[in-house]
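A closer look at the structure
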Amino acid sequence: MNRRFAGTLFDLAGEVAIVTGSSRGIGRAIALRLAQHGVNVVVSGRKIEAAQTVADEINASPNSGRAVAVACNVTRADDLEALCEAAEAAFGTVSVLVANAAVHIHVGPSAEMSDAVLAKTMDANFMALHRLSQRLLPGMIARGRGRIINLSSIAALFGSGVYHSYTLSKATAIQYVRNLAVEHGVAGIRANSVAPGLTRTDMAAGLIDDPAALARELSRSTIGRIGDPDEIAGAVVFLASDAGGYVNGQTLAVDGGMTIRYD
Ligand SMILES: NC(=O)c1ccc[n+]([C@@H]2O[C@H](COP(=O)([O-])OP(=O)(O)OC[C@H]3O[C@@H](n4cnc5c(N)ncnc54)[C@H](OP(=O)(O)O)[C@@H]3O)[C@@H](O)[C@H]2O)c1
């Protein structure tokens, strides 16, 4: 590998990352950019073919870290364990966890939010982060260095009359990350959340393809456009690297200024 980031604050050579939900969208961009900075990456998603395509893309670049693809449904505890075992078998101790995979399966009044919807959403959007952190933290602590990066959403920072289960799960994960930051900061572990605003992916297609909804979103933006997955990946590279060495327990809104606009 060509150590082109050697000596910079963004040199991640030798790190090992699991990125859940990295076969497309924001997770894919994160996997590609971490690998570009030297990280050996475990690409995952429910569909192995799509994850393998991303891993192949990474492995085709002689200047990147290496990649393997592992099928993993983050709502299944045994899949998460198998993901960690596969990562360790391929690359050794995992030093960067990016909990990115999420589900957004109900929009409507709280009265219509079923227990099943809430449980599945919490499983994917919060419990997977918790289970993976519990599993990987001992290795990170033994190494004296670890990064836990939770993909949240700016939706978790507001009240919503219709996004109940999604915002509940995302806000819970933000608080969990703060707790980890306090608990393990002195051991060399940094835990942070990235909160994207509207970003061009499959998950956001419903909003992006609806002209009225898109106009509403853009009216809150300070830059007049939605985000690109690479712009979320940039924040993750920052938090994973020494450039973010003094950042712990934070929620970084990457949203084109949507959360600072009042007028
Ligand atoms: N896009 C936005 O505007 C936006 C805004 C705020 C926050 N976010 C957050 O950013 C993160 C990435 O979202 P995205 O927009 O990139 O989503 P996306 O385009 O829908 O991609 C989702 C990724 O996760 C995988 N996935 C879905 N369900 C999974 C499951 N149960 N287990 C494992 N993997 C699963 C998908 O692959 P398979 O289908 O093969 O499993 C895919 O790789 C999420 O946490 C989301 O909440 C996105």
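Check the entry above for the structure.
A few points on the structure. If you're wondering where the values come from, they're calculated on a predicted model, not measured in any experiment.

**Some points on the overall build of the protein**
Secondary structure assignment for the protein yields eight helices and seven strands. For the protein, whose C-alpha radius of gyration is 18 Å, the value lies close to the compact-globule estimate of 18 Å for 263 residues. Dimensions along the principal axes, computed over C-alpha positions, put the protein at roughly 50 × 40 × 40 Å. Across the 263 residues of the protein, 46% fall into the buried class. Residue pairs at least 24 apart in sequence account for 72% of intrachain contacts in the protein once pairs closer than 6 positions are excluded.

**Notes on the site of the ligand**
By nearness alone, 30 residues border the ligand, and Gly-21, Gly-25, Gly-45, Arg-46 and Ala-102 come closest of all. When residues in the shell around the ligand are grouped by element, the largest group, three residues, is from helix α1 (residues 25-36). Along the lines of polarity and charge, the residues of the shell around the ligand split into 13 nonpolar, 13 polar and four charged.

**Thoughts on the packing of α1 against helix α8 (residues 229-240)**
In the contact formed by α1 and α8, the axes pass within 8 Å of each other and the chain directions differ by 50 degrees. Considered as vectors, α1 and α8 are oriented oblique to each other. As α1 runs across α8, the sense of the crossing is right-handed. Residues Gly-25, Ile-26, Arg-28, Ala-29, Ile-30, Arg-33 and Leu-34 of α1 form the contact with α8, whose own contacting residues are Pro-229, Asp-230, Ile-232, Ala-233, Val-236, Val-237 and Ala-240.

**A closer look at the sheet that holds strand β2 (residues 40-45)**
Strand order in the open sheet formed by seven strands is β3-β2-β1-β4-β5-β6-β7, with parallel pairing between adjacent strands. Single-partner strands in this sheet number two, and they are β3 (67-71) and β7 (251-254). When strand polarity is set aside, the average angle formed by the axes of neighbouring strands in this sheet is 20 degrees. Here strand β6 (residues 189-196) runs beside β7; their pairing, made up of four bridges, is parallel. From the neighbouring strand, Ser-193 faces β7, where its bridge partner is Thr-251. Helix-sheet contacts for helix α4 (residues 115-143) involve β1 (16-19), β4 (96-99), β5 (146-151) and β6, and the interaxial angle to β4 is about 170 degrees. Lying on the sheet, α8 is in contact with β4, β5, β6 and β7; it crosses β6 at an angle near 165 degrees.

**Some words on the pairing of β3**
The sheet contact formed by β2 and β3 spans five bridges and is parallel. Among the inter-strand pairings, Gly-45 is bridged to a residue of β3, identified as Ala-71. A crossover links β2 with its parallel partner β3, the connecting element being helix α2 (residues 48-59), and its sense is right-handed.

**Notes on the nonpolar core**
In this structure, Ala-31, Val-41 and Val-236 are the most contacted members of the largest nonpolar core, which totals 69 residues. Per-element accounting of this core gives the leading share, nine residues, to α4. Not counting the four nearest positions on each side in its chain, Ala-31 is found in contact with Val-19, Ser-22, Val-41, Val-43, Val-54, Ile-58 and Ala-67.

**Some remarks on the pairing of β1**
Residues Val-16 and Ile-18 of β1 are buried on one face, and the alternating residues Ala-17 and Val-19, pointing to the opposite face, are buried as well. Here β1 pairs with β2 via four bridges, running parallel. Opposite Val-19, over in β2, you have Val-43 as the bridge partner.

Cut-off values and rules
- In this numbering scheme, every chain counts its residues from 1 along its sequence in written order.
- Only residues with pLDDT of at least 70 are given local features in this predicted model, and only at 80 or more are side-chain atom pairs given and counted; all residues enter the totals for whole chains, interfaces and linings.
- Working definition: helices are DSSP H or I runs of at least four residues, strands are E runs of at least two. Numbering for both runs from the N terminus.
- Each radius of gyration is computed over the set of C-alpha atoms, and the globule rule expresses the reference value as 2.2 Å times the number of residues to the power 0.38.
- Counting other C-beta atoms within 10 Å of a residue's C-beta gives its exposure: the residue is buried at 20 or more, exposed at 12 or fewer, and partly exposed in between, where C-beta atoms are placed from the backbone.
- What counts as a contact is two residues whose backbone-derived C-beta atoms lie within 7 Å of each other.
- The C-beta atom of each residue is placed using the backbone, and any residue whose C-beta lies within 6 Å of a molecule or strand is treated as near it.
- Gly falls in the polar group here, along with every residue not listed as nonpolar (Ala, Val, Leu, Ile, Met, Phe, Trp, Tyr, Cys, Pro) or charged (Asp, Glu, Lys, Arg).
- Every angle, taken between N-to-C directions, lies between 0 and 180 degrees, and every axis is a line fitted to C-alpha atoms, over only the stretch in contact when it is a helix.
- Orientation labels follow simple angle bins: below 35 degrees gives roughly parallel, above 145 gives roughly antiparallel, 65 to 115 gives roughly perpendicular, and whatever is left gives oblique.
- Take the far helix as the reference: if the near one is turned anticlockwise from it by less than a right angle, the crossing is left-handed, and if turned clockwise, right-handed.
- Pairing between strands is defined by DSSP: at least two bridges between the two strands are required.
- The path from the first strand over the helix to the second decides the hand: if it runs clockwise while the strands point away from the viewer, the crossover is right-handed.
- Residues of type Ala, Val, Leu, Ile, Met, Phe, Trp, Tyr and Cys that are buried and joined through C-beta atoms within 7 Å form what is called a nonpolar core.

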